Amino acid sequence: MSTESTVWTGHPSHWHYFWAWFWGILLAVVVVGFFIIIWIFVDRARRTYTVTTGKVIMESGLVAKSSDEVRIKDIRSISVRKSGLTGLFGVGDLEFASAASDQAEITFRSIPKADEVRDLVRRYQES
């Protein structure tokens, strides 16, 4: 019996919040900006993405939590979508679909090094 361990954990990239950071810093002198910056940290904290040796998991929420998971051996396709300036920095959406669905069941939104995370999951698919 093998034990499952976490091999990667992440949150949306700060690049995902570029404009919120821009306005938050610009408006910090009028206090509104501090609320924008607080919102960025809360929004990032409420979304956690995890890859274990057997599953990919997306959790959301701070107080009321929900989660979706797909076993790695059931994943039929993995798609990486990058666009714009953030894509040049390696930030992208990682979509996982299983044989049970035509569409992505789990999406890791705006994660840094999306290609590396995809390759990590593929390595565990092959083992």
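Definitions and cut-offs
Numbering of residues starts from 1 in every chain and runs along the sequence as written. For a predicted model such as this one, the threshold for reporting local features is a pLDDT of at least 70, and the threshold for listing and counting side-chain atom pairs is 80 or more; totals across whole chains, interfaces and linings nevertheless cover every residue. Each side-chain value is derived from all of the structure's non-hydrogen atoms; neither hydrogens nor water enter the calculation. Helix and strand assignments come from DSSP, with helices taken as H or I runs of at least 4 residues and strands as E runs of at least 2, each series counted from the N terminus. Think of it in three bands: residues with accessible area under 20% of the maximum for their type are buried, residues over 50% are exposed, and the middle band is partly exposed, with areas taken using a 1.4 Å probe on protein chains only. The pairing criterion is simple: DSSP has to find at least two bridges between the two strands. Here an angle of 0 to 180 degrees is reported between the N-to-C directions of two axes, which are lines fitted to C-alpha atoms, with helices fitted over the stretch in contact. Contacts were defined at the residue level, with two residues in contact if any of their heavy atoms lie within 4.5 Å. The span you would expect from a helix comes to 1.5 Å times its residue count less one.

Peer 1: What is the right way to read the environment of Val-32 from this model?
Peer 2: Checked against the element boundaries, Val-32 lands in helix α2 (residues 32-45). Under the relative-accessibility criterion, Val-32 is labelled partly exposed at 42%. With 20 residues separating them in the primary sequence, Val-32 and Thr-52 have C-alpha atoms 39 Å apart.

Peer 1: I keep staring at the sheet that holds strand β7 (residues 106-111) and nothing clicks. Help me out?
Peer 2: Two strands in a sheet stick together by hydrogen bonds in their backbones, pointing the same way (parallel) or opposite ways (antiparallel). Spatially, the 3 strands line up as an open sheet ordered β5-β6-β7, and their pairing is antiparallel. Each edge of the open sheet carries a strand with a single partner, namely β5 (75-81) and β7. The average angle at which neighbouring strand axes cross in this sheet is 15°, direction not considered. This element, helix α4 (residues 114-126), spans β5, β6 (92-98) and β7 of the sheet and lies at about 165° to β5.

Peer 1: Mind showing me how you'd approach α4 here?
Peer 2: It helps to recall that an α-helix has 3.6 residues per turn; residues three or four apart then point in one direction. With 13 residues, α4 extends 19 Å between its outermost C-alpha atoms, agreeing within 8% with the 18 Å of an ideal straight helix rising 1.5 Å per residue. Along its buried surface, α4 packs onto β1 (6-10), β2 (47-52), β3 (55-60), β5, β6 and β7.

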